[in-house]
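Listed below, chain by chain, are the residues.
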Amino acid sequence: MPTKADPSPSDGTASGKITIAAIAAEAGVSVPTVSKVMNGRADVAPHTRERVEAIIRRHGYQRRADERSRRSNLVELMFHELESAWALEIIRGAEQVAAEQGLALVLSESQGRLTPGHGWLEGVIARKPLAVISVFSDLTSSQLAKLRARDIPVVVVDPIGEPQLETPSIGATNWNGGLTATRHLIELGHRRIAMIGGPERVLCSRARVDGYRAALETAGLAYDPALVRYGDFHVESGRAQFAPLLDLPDPPTAVFAGSDLQALGVYEAARAAGLRIPEDLSVIGFDDLPVAQWVGPPLTTVRQPLQDMAAAGTRLAITLARGEEPEHRRIELATTLVVRQSTAAPR
(Lines give C-alpha, C1' and ligand atoms only; values in the text may rest on other atoms or scores of the structure.)
Protein backbone atom coordinates (compact mmCIF):
# COMPACT_ATOMS: atom_id res chain seq x y z
CA MET A 1 0.00 0.00 0.00
CA PRO A 2 1.62 3.32 -1.04
CA THR A 3 2.32 5.99 1.53
CA LYS A 4 0.96 9.50 1.01
CA ALA A 5 4.33 10.54 -0.48
CA ASP A 6 4.30 7.72 -3.08
CA PRO A 7 3.31 8.95 -6.52
CA SER A 8 0.63 6.93 -8.29
CA PRO A 9 -0.71 7.08 -11.85
CA SER A 10 -3.71 9.15 -10.69
CA ASP A 11 -1.68 11.73 -8.85
CA GLY A 12 -0.89 13.95 -11.87
CA THR A 13 2.37 15.57 -12.77
CA ALA A 14 3.52 18.96 -13.90
CA SER A 15 5.68 18.08 -16.87
CA GLY A 16 7.35 15.45 -14.68
CA LYS A 17 8.48 18.03 -12.12
CA ILE A 18 6.26 17.33 -9.11
CA THR A 19 3.35 15.10 -8.20
CA ILE A 20 0.29 15.69 -6.08
CA ALA A 21 1.74 13.14 -3.68
CA ALA A 22 4.92 15.20 -3.34
CA ILE A 23 2.86 18.32 -2.69
CA ALA A 24 0.94 16.42 -0.01
CA ALA A 25 4.15 15.27 1.63
CA GLU A 26 5.60 18.80 1.67
CA ALA A 27 2.38 20.23 3.10
CA GLY A 28 2.06 17.45 5.67
CA VAL A 29 -1.40 16.44 4.48
CA SER A 30 -2.93 13.52 2.60
CA VAL A 31 -3.25 13.19 -1.17
CA PRO A 32 -7.08 13.43 -0.91
CA THR A 33 -6.69 16.77 0.89
CA VAL A 34 -4.56 18.16 -1.94
CA SER A 35 -7.14 16.86 -4.42
CA LYS A 36 -9.90 18.66 -2.50
CA VAL A 37 -7.94 21.91 -2.70
CA MET A 38 -7.33 21.42 -6.42
CA ASN A 39 -11.04 20.75 -7.01
CA GLY A 40 -12.30 23.70 -4.97
CA ARG A 41 -13.93 21.62 -2.25
CA ALA A 42 -15.10 23.62 0.77
CA ASP A 43 -14.26 20.98 3.43
CA VAL A 44 -10.63 22.04 3.87
CA ALA A 45 -9.45 24.31 6.68
CA PRO A 46 -8.45 27.78 5.39
CA HIS A 47 -4.89 27.62 6.75
CA THR A 48 -4.42 24.17 5.19
CA ARG A 49 -5.78 25.38 1.86
CA GLU A 50 -3.42 28.36 1.85
CA ARG A 51 -0.41 26.16 2.71
CA VAL A 52 -1.20 23.77 -0.14
CA GLU A 53 -1.86 26.63 -2.59
CA ALA A 54 1.47 28.22 -1.68
CA ILE A 55 3.33 24.99 -2.47
CA ILE A 56 1.44 24.62 -5.75
CA ARG A 57 2.39 28.16 -6.77
CA ARG A 58 6.02 27.74 -5.71
CA HIS A 59 6.50 24.61 -7.80
CA GLY A 60 4.42 25.86 -10.73
CA TYR A 61 2.31 22.69 -10.60
CA GLN A 62 -0.19 22.13 -13.42
CA ARG A 63 -2.57 19.25 -14.05
CA ARG A 64 -1.58 16.67 -16.63
CA ALA A 65 -2.73 17.38 -20.17
CA ASP A 66 -4.69 14.09 -20.24
CA GLU A 67 -6.85 15.35 -17.36
CA ARG A 68 -8.51 17.94 -19.64
CA SER A 69 -11.11 15.34 -20.58
CA ARG A 70 -12.39 15.39 -16.98
CA ARG A 71 -13.42 19.03 -17.19
CA SER A 72 -16.92 20.26 -17.99
CA ASN A 73 -18.04 21.57 -21.35
CA LEU A 74 -18.43 25.07 -19.89
CA VAL A 75 -16.74 28.31 -20.84
CA GLU A 76 -16.93 30.83 -17.99
CA LEU A 77 -17.61 34.46 -18.95
CA MET A 78 -16.91 36.73 -15.98
CA PHE A 79 -18.02 40.38 -15.79
CA HIS A 80 -17.55 42.99 -13.10
CA GLU A 81 -21.24 43.79 -13.70
CA LEU A 82 -23.90 42.41 -16.02
CA GLU A 83 -26.57 45.12 -15.99
CA SER A 84 -25.80 46.97 -19.20
CA ALA A 85 -26.38 46.80 -22.95
CA TRP A 86 -22.59 46.68 -23.29
CA ALA A 87 -22.46 43.32 -21.47
CA LEU A 88 -25.24 41.93 -23.67
CA GLU A 89 -23.16 42.56 -26.80
CA ILE A 90 -20.23 40.66 -25.26
CA ILE A 91 -22.50 37.75 -24.31
CA ARG A 92 -23.88 37.51 -27.84
CA GLY A 93 -20.42 37.23 -29.37
CA ALA A 94 -19.20 34.63 -26.87
CA GLU A 95 -22.40 32.56 -27.06
CA GLN A 96 -22.20 32.27 -30.83
CA VAL A 97 -18.72 30.75 -30.75
CA ALA A 98 -19.48 28.50 -27.75
CA ALA A 99 -22.57 27.13 -29.49
CA GLU A 100 -20.60 26.46 -32.68
CA GLN A 101 -18.18 24.35 -30.61
CA GLY A 102 -20.91 22.46 -28.75
CA LEU A 103 -20.04 24.21 -25.48
CA ALA A 104 -22.19 25.99 -22.92
CA LEU A 105 -21.56 29.49 -21.60
CA VAL A 106 -21.83 30.20 -17.88
CA LEU A 107 -21.99 33.81 -16.69
CA SER A 108 -20.58 35.12 -13.44
CA GLU A 109 -20.29 38.57 -11.92
CA SER A 110 -18.04 40.20 -9.35
CA GLN A 111 -20.76 42.59 -8.10
CA GLY A 112 -19.17 45.72 -9.53
CA ARG A 113 -15.66 44.98 -8.28
CA LEU A 114 -13.00 45.14 -10.97
CA THR A 115 -11.11 42.34 -9.19
CA PRO A 116 -13.32 39.35 -8.24
CA GLY A 117 -13.26 38.01 -4.70
CA HIS A 118 -12.26 34.66 -3.23
CA GLY A 119 -15.78 33.27 -3.53
CA TRP A 120 -15.76 33.66 -7.31
CA LEU A 121 -12.44 31.83 -7.63
CA GLU A 122 -13.61 28.93 -5.50
CA GLY A 123 -16.76 28.66 -7.59
CA VAL A 124 -14.74 28.51 -10.81
CA ILE A 125 -12.50 25.79 -9.41
CA ALA A 126 -15.56 23.77 -8.40
CA ARG A 127 -17.24 24.21 -11.82
CA LYS A 128 -14.07 23.12 -13.69
CA PRO A 129 -14.71 25.11 -16.89
CA LEU A 130 -12.62 24.58 -19.99
CA ALA A 131 -11.53 28.23 -19.82
CA VAL A 132 -12.30 31.59 -18.25
CA ILE A 133 -12.91 34.79 -20.20
CA SER A 134 -12.47 37.80 -17.94
CA VAL A 135 -14.30 40.86 -19.28
CA PHE A 136 -13.30 44.36 -18.14
CA SER A 137 -11.91 42.82 -14.96
CA ASP A 138 -8.52 42.39 -13.39
CA LEU A 139 -7.48 39.05 -11.90
CA THR A 140 -4.65 39.07 -9.37
CA SER A 141 -1.40 37.17 -9.88
CA SER A 142 -2.50 34.72 -7.20
CA GLN A 143 -5.86 34.08 -8.89
CA LEU A 144 -4.19 33.54 -12.25
CA ALA A 145 -1.68 31.14 -10.70
CA LYS A 146 -4.44 29.08 -9.06
CA LEU A 147 -6.32 28.75 -12.34
CA ARG A 148 -3.10 27.93 -14.20
CA ALA A 149 -2.31 25.17 -11.72
CA ARG A 150 -5.65 23.58 -12.60
CA ASP A 151 -4.99 23.94 -16.33
CA ILE A 152 -7.82 26.48 -16.75
CA PRO A 153 -6.64 29.08 -19.29
CA VAL A 154 -7.68 32.71 -18.87
CA VAL A 155 -8.27 35.24 -21.66
CA VAL A 156 -8.93 38.91 -20.89
CA VAL A 157 -11.36 40.89 -23.06
CA ASP A 158 -11.11 44.69 -22.82
CA PRO A 159 -8.50 44.68 -20.03
CA ILE A 160 -8.70 47.43 -17.42
CA GLY A 161 -4.90 47.54 -17.06
CA GLU A 162 -1.88 46.23 -18.91
CA PRO A 163 -2.37 42.42 -18.89
CA GLN A 164 0.37 40.30 -17.40
CA LEU A 165 2.86 39.14 -19.99
CA GLU A 166 1.61 35.55 -20.09
CA THR A 167 -2.11 36.45 -20.12
CA PRO A 168 -3.73 36.51 -23.59
CA SER A 169 -5.97 39.49 -24.26
CA ILE A 170 -8.40 40.97 -26.77
CA GLY A 171 -8.86 44.72 -27.03
CA ALA A 172 -9.77 47.51 -29.43
CA THR A 173 -7.86 50.45 -30.89
CA ASN A 174 -9.04 52.84 -28.17
CA TRP A 175 -6.39 55.51 -28.76
CA ASN A 176 -7.18 55.66 -32.47
CA GLY A 177 -10.89 55.76 -31.66
CA GLY A 178 -10.38 58.77 -29.40
CA LEU A 179 -8.27 60.45 -32.06
CA THR A 180 -10.86 59.82 -34.81
CA ALA A 181 -13.80 61.04 -32.71
CA THR A 182 -12.06 64.28 -31.77
CA ARG A 183 -10.81 64.91 -35.31
CA HIS A 184 -14.39 64.59 -36.56
CA LEU A 185 -15.48 67.37 -34.19
CA ILE A 186 -12.48 69.54 -35.11
CA GLU A 187 -13.20 69.11 -38.82
CA LEU A 188 -16.76 70.32 -38.19
CA GLY A 189 -15.26 73.52 -36.78
CA HIS A 190 -15.45 72.94 -33.02
CA ARG A 191 -12.68 74.40 -30.86
CA ARG A 192 -14.08 73.99 -27.33
CA ILE A 193 -14.43 70.21 -27.10
CA ALA A 194 -15.11 68.52 -23.77
CA MET A 195 -14.11 64.96 -22.90
CA ILE A 196 -16.03 62.71 -20.47
CA GLY A 197 -13.79 59.69 -19.91
CA GLY A 198 -14.38 56.50 -18.00
CA PRO A 199 -12.53 55.59 -14.79
CA GLU A 200 -9.16 57.32 -14.84
CA ARG A 201 -7.12 54.22 -13.94
CA VAL A 202 -8.73 52.01 -16.62
CA LEU A 203 -6.53 51.38 -19.65
CA CYS A 204 -9.16 51.84 -22.39
CA SER A 205 -10.39 55.08 -20.80
CA ARG A 206 -6.86 56.50 -20.60
CA ALA A 207 -6.22 55.53 -24.22
CA ARG A 208 -9.37 57.32 -25.42
CA VAL A 209 -8.46 60.47 -23.49
CA ASP A 210 -4.90 60.30 -24.87
CA GLY A 211 -6.30 60.03 -28.40
CA TYR A 212 -8.52 63.05 -27.73
CA ARG A 213 -5.54 65.05 -26.52
CA ALA A 214 -3.39 64.00 -29.48
CA ALA A 215 -6.07 65.16 -31.93
CA LEU A 216 -6.27 68.56 -30.25
CA GLU A 217 -2.52 69.09 -30.17
CA THR A 218 -2.07 67.90 -33.78
CA ALA A 219 -4.66 70.49 -34.84
CA GLY A 220 -2.86 73.22 -32.90
CA LEU A 221 -5.57 73.45 -30.24
CA ALA A 222 -4.68 73.80 -26.58
CA TYR A 223 -5.51 70.94 -24.23
CA ASP A 224 -7.67 72.40 -21.45
CA PRO A 225 -7.83 70.18 -18.32
CA ALA A 226 -10.98 72.06 -17.25
CA LEU A 227 -12.82 70.41 -20.15
CA VAL A 228 -11.83 66.86 -19.17
CA ARG A 229 -13.89 64.92 -16.63
CA TYR A 230 -13.94 61.27 -15.59
CA GLY A 231 -16.96 59.07 -14.91
CA ASP A 232 -17.72 55.36 -14.80
CA PHE A 233 -19.04 54.72 -18.34
CA HIS A 234 -22.69 54.80 -17.13
CA VAL A 235 -25.55 57.18 -17.99
CA GLU A 236 -25.70 59.01 -14.68
CA SER A 237 -21.98 59.78 -14.66
CA GLY A 238 -22.29 61.28 -18.14
CA ARG A 239 -25.01 63.61 -16.91
CA ALA A 240 -23.27 64.45 -13.64
CA GLN A 241 -19.86 65.09 -15.20
CA PHE A 242 -21.10 67.16 -18.12
CA ALA A 243 -23.61 69.43 -16.37
CA PRO A 244 -20.96 71.53 -14.51
CA LEU A 245 -19.14 72.21 -17.80
CA LEU A 246 -22.12 74.28 -18.95
CA ASP A 247 -21.38 76.75 -16.14
CA LEU A 248 -17.89 77.55 -17.45
CA PRO A 249 -17.34 81.13 -18.74
CA ASP A 250 -16.65 79.60 -22.16
CA PRO A 251 -18.63 76.34 -22.24
CA PRO A 252 -17.93 73.60 -24.79
CA THR A 253 -19.76 73.43 -28.10
CA ALA A 254 -19.07 69.70 -28.44
CA VAL A 255 -18.41 66.74 -26.18
CA PHE A 256 -16.78 63.38 -26.74
CA ALA A 257 -18.19 60.86 -24.27
CA GLY A 258 -16.07 57.80 -23.51
CA SER A 259 -19.08 55.50 -23.91
CA ASP A 260 -22.51 55.58 -25.53
CA LEU A 261 -24.14 55.32 -22.11
CA GLN A 262 -22.27 58.41 -20.92
CA ALA A 263 -23.35 60.15 -24.13
CA LEU A 264 -26.97 59.45 -23.17
CA GLY A 265 -26.27 61.15 -19.85
CA VAL A 266 -24.93 64.16 -21.78
CA TYR A 267 -28.19 64.19 -23.77
CA GLU A 268 -30.12 64.45 -20.50
CA ALA A 269 -27.94 67.27 -19.16
CA ALA A 270 -28.28 69.16 -22.45
CA ARG A 271 -32.06 68.84 -22.47
CA ALA A 272 -32.28 70.00 -18.86
CA ALA A 273 -30.25 73.09 -19.83
CA GLY A 274 -32.47 73.80 -22.85
CA LEU A 275 -29.77 72.92 -25.38
CA ARG A 276 -30.59 71.27 -28.69
CA ILE A 277 -28.46 68.48 -30.16
CA PRO A 278 -26.71 69.08 -32.56
CA GLU A 279 -27.77 72.72 -33.11
CA ASP A 280 -26.37 73.95 -29.76
CA LEU A 281 -24.17 71.00 -28.77
CA SER A 282 -22.55 68.21 -30.75
CA VAL A 283 -22.23 64.85 -28.97
CA ILE A 284 -20.21 61.79 -29.94
CA GLY A 285 -20.08 58.49 -28.06
CA PHE A 286 -18.02 55.30 -28.06
CA ASP A 287 -19.15 51.64 -28.49
CA ASP A 288 -22.02 51.83 -31.03
CA LEU A 289 -24.51 49.96 -28.86
CA PRO A 290 -27.86 49.19 -30.55
CA VAL A 291 -29.50 52.05 -28.63
CA ALA A 292 -27.21 54.58 -30.35
CA GLN A 293 -29.24 54.51 -33.57
CA TRP A 294 -32.60 54.82 -31.80
CA VAL A 295 -32.07 57.81 -29.51
CA GLY A 296 -33.12 61.25 -30.69
CA PRO A 297 -31.15 62.39 -32.53
CA PRO A 298 -29.32 59.19 -33.54
CA LEU A 299 -25.86 59.22 -31.93
CA THR A 300 -22.62 59.69 -33.82
CA THR A 301 -20.21 57.27 -32.18
CA VAL A 302 -17.04 55.22 -32.47
CA ARG A 303 -17.90 51.62 -33.15
CA GLN A 304 -16.07 49.20 -30.89
CA PRO A 305 -16.67 45.67 -32.29
CA LEU A 306 -17.83 44.18 -28.98
CA GLN A 307 -19.34 41.01 -30.43
CA ASP A 308 -16.25 40.40 -32.54
CA MET A 309 -14.00 41.00 -29.52
CA ALA A 310 -15.96 38.48 -27.45
CA ALA A 311 -15.96 35.96 -30.29
CA ALA A 312 -12.20 36.30 -30.76
CA GLY A 313 -11.65 35.92 -27.01
CA THR A 314 -13.80 32.79 -26.88
CA ARG A 315 -11.99 31.20 -29.83
CA LEU A 316 -8.65 32.00 -28.22
CA ALA A 317 -9.76 30.52 -24.88
CA ILE A 318 -10.98 27.30 -26.54
CA THR A 319 -7.72 26.98 -28.50
CA LEU A 320 -5.71 27.25 -25.29
CA ALA A 321 -8.01 24.79 -23.48
CA ARG A 322 -7.26 22.23 -26.19
CA GLY A 323 -3.55 22.58 -25.53
CA GLU A 324 -2.91 24.28 -28.85
CA GLU A 325 -0.69 27.32 -29.35
CA PRO A 326 -2.64 30.25 -30.86
CA GLU A 327 -1.24 32.31 -33.70
CA HIS A 328 -1.53 35.49 -31.61
CA ARG A 329 -1.89 36.02 -27.86
CA ARG A 330 -2.57 39.77 -28.03
CA ILE A 331 -5.21 40.99 -30.47
CA GLU A 332 -6.52 44.52 -31.09
CA LEU A 333 -9.57 44.98 -33.31
CA ALA A 334 -10.13 48.18 -35.24
CA THR A 335 -12.58 50.89 -34.19
CA THR A 336 -14.50 52.91 -36.80
CA LEU A 337 -16.38 56.22 -36.78
CA VAL A 338 -20.14 55.98 -37.36
CA VAL A 339 -21.54 59.41 -38.27
CA ARG A 340 -25.22 59.96 -37.49
CA GLN A 341 -27.18 63.07 -36.55
CA SER A 342 -25.79 64.20 -33.17
CA THR A 343 -22.83 66.15 -34.59
CA ALA A 344 -22.83 69.29 -36.74
CA ALA A 345 -20.86 72.48 -37.27
CA PRO A 346 -21.10 74.98 -34.37
CA ARG A 347 -23.43 77.95 -34.82
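Residues numbered from 1 in each chain as written. Predicted model: local features only at pLDDT ≥ 70, side-chain atom pairs only at ≥ 80, totals over all residues. Heavy atoms only, no water.

J.: Would you mind going over the pairing of strand E1 (residues 74-79) with me for this structure?
T.: Two faces belong to every sheet, and in a regular strand the side chains alternate between them. Counting buried positions along E1 gives five out of six residues, so the element sits mostly inside the fold. Judged from the six bridges that link them, E1 and strand E2 (residues 104-109) form a sheet pairing that is parallel. In the strand pairing of E2, Val 75 is matched with Leu 105. With five bridges connecting them, E1 and strand E3 (residues 131-135) associate as parallel partners. Each residue of the ladder has a partner; that of Met 78, found in E3, is Ser 134. (Buried < 20%, exposed > 50% of the residue type's maximum accessible area, 1.4 Å probe, protein only. Helix = DSSP H or I, 4+ residues; strand = E, 2+ residues; numbered from the N terminus. Pairing = 2+ DSSP bridges.)

J.: What is the right way to look at the packing of aromatic side chains in this model?
T.: Taken as a whole, this structure holds four aromatic pairs when the rule is applied. Centre to centre, the rings of Trp 86 and Phe 136 are 6.0 Å apart; their planes meet at 65°, and the pair counts as edge-to-face. Pair noted here: Trp 86 is in helix H4 (residues 85-100) and Phe 136 is in the loop between E3 and helix H6 (141-149), with a separation of 50 residues, a long-range link. Under the relative-accessibility criterion, Phe 136 is labelled buried at 7%. Ring centres of Tyr 212 and Tyr 223 lie 6.3 Å apart, and the angle between their planes is 70°; on these two criteria the pair is classed as edge-to-face. (Phe/Tyr/Trp six-rings, centres within 6.5 Å; stacked < 30°, edge-to-face > 60°.)

J.: Honestly, the environment of Ala 254 in this entry has me stumped. Any pointers?
T.: Relative to the helices and strands, Ala 254 is located in strand E8 (residues 254-257). Expressed as a C-alpha distance, the spacing of Ala 254 and Ala 345, which sit 91 residues apart in the sequence, is 9.4 Å. Setting aside residues up to four positions removed in sequence, Ala 254 forms contacts with Leu 185, His 190, Arg 192, Ile 193, Ala 194, Leu 281 and Ser 282. (Contact = heavy atoms within 4.5 Å.)

J.: Where do I start with the pattern of salt bridges in this structure?
T.: Pairs can form between side chains of opposite charge once their charged atoms are near each other. Counted by the stated rule, this structure contains eleven salt bridges. Between Arg 213 and Glu 217 there is a salt bridge, and its shortest N-O distance comes to 3.0 Å. Of this pair, Arg 213 and Glu 217 both sit in helix H8 (residues 203-218), four residues apart, which is roughly one turn of that helix. A single salt-bridge network, built from bridges that share partners, covers Arg 192, Asp 224 and Asp 250. (Salt bridge = Lys/Arg side-chain N within 4 Å of Asp/Glu carboxyl O.)

J.: Hey, could you run me through the sheet that holds E8 in this one?
T.: Backbone hydrogen bonds hold the strands of a sheet together, and the pairing may be parallel or antiparallel. In space, the six strands of this open sheet follow the order E7-E6-E8-E9-E10-E12, with mixed pairing throughout. Bordering the open sheet on either side are strand E7 (228-230) and strand E12 (336-338), each of which pairs with just one other strand. For this sheet the average axis-to-axis angle between neighbouring strands, irrespective of direction, equals 20°. Where strand E6 (residues 193-197) meets E8, four bridges bridge the pair, whose relative direction is parallel. Residue pairing in the sheet places Ala 194 in a bridge with Val 255 of E8. Seen against the sheet, helix H10 (residues 260-272) touches E6, E8, strand E9 (282-287) and strand E10 (300-303) and runs at an angle of roughly 155° to E9. (Axes fitted to C-alpha atoms, helices over the stretch in contact; angles between N-to-C directions.)

J.: Explain the sheet that holds strand E5 (residues 169-172) here, please?
T.: Taking strand neighbours across the sheet as the criterion, the six strands line up as E2-E1-E3-E4-E5-E11 in an open arrangement whose pairing is parallel. Both edges of this open sheet fall to E2 and strand E11 (330-333), since each of them pairs with a single strand only. On average, each strand axis in the sheet is tilted by 20° relative to the strand beside it, whichever way the strands run. Sitting on the sheet, H4 touches E1, E2, E3 and strand E4 (154-157), and the angle it makes with E1 is about 170°.

J.: Help me understand the nonpolar core, please; the structure alone is not making it clear to me.
T.: It is characteristic of soluble globular proteins that their nonpolar side chains tend to be buried jointly. Grouped together as the largest cluster of nonpolar side chains are 75 residues, with contacts concentrated most on Leu 77, Ile 90, Val 135, Phe 136 and Val 283. Take this core: its biggest share by element is ten residues, from helix H11 (residues 306-321). Summarising the domain contributions, this core has at least three residues from each of domain 1 (74-172 + 307-333) and domain 2 (174-304). When residues no more than four places from it in sequence are discounted, the contact partners of Leu 77 are Ile 90, Ile 91, Ala 94, Leu 105, Val 106, Leu 107, Ser 108, Ile 133 and Val 135. Counting residues in each nonpolar core, the second largest holds eleven residues, with Met 78, Trp 120, Ile 125 and Val 154 among its members. (Core = buried A, V, L, I, M, F, W, Y, C linked by side-chain atoms within 4.5 Å. Domains from an automatic or database assignment.)

J.: Would you explain the environment of Leu 103 in this entry?
T.: One can find Leu 103 in the loop between H4 and E2. Accessibility expressed as a relative area gives 15% for Leu 103, which makes it buried. The residues contacting Leu 103, other than those within four sequence positions of it, are Asn 73, Val 75, Ala 98, Leu 130 and Ile 318.

Any functional reading would require information beyond the geometric quantities listed.
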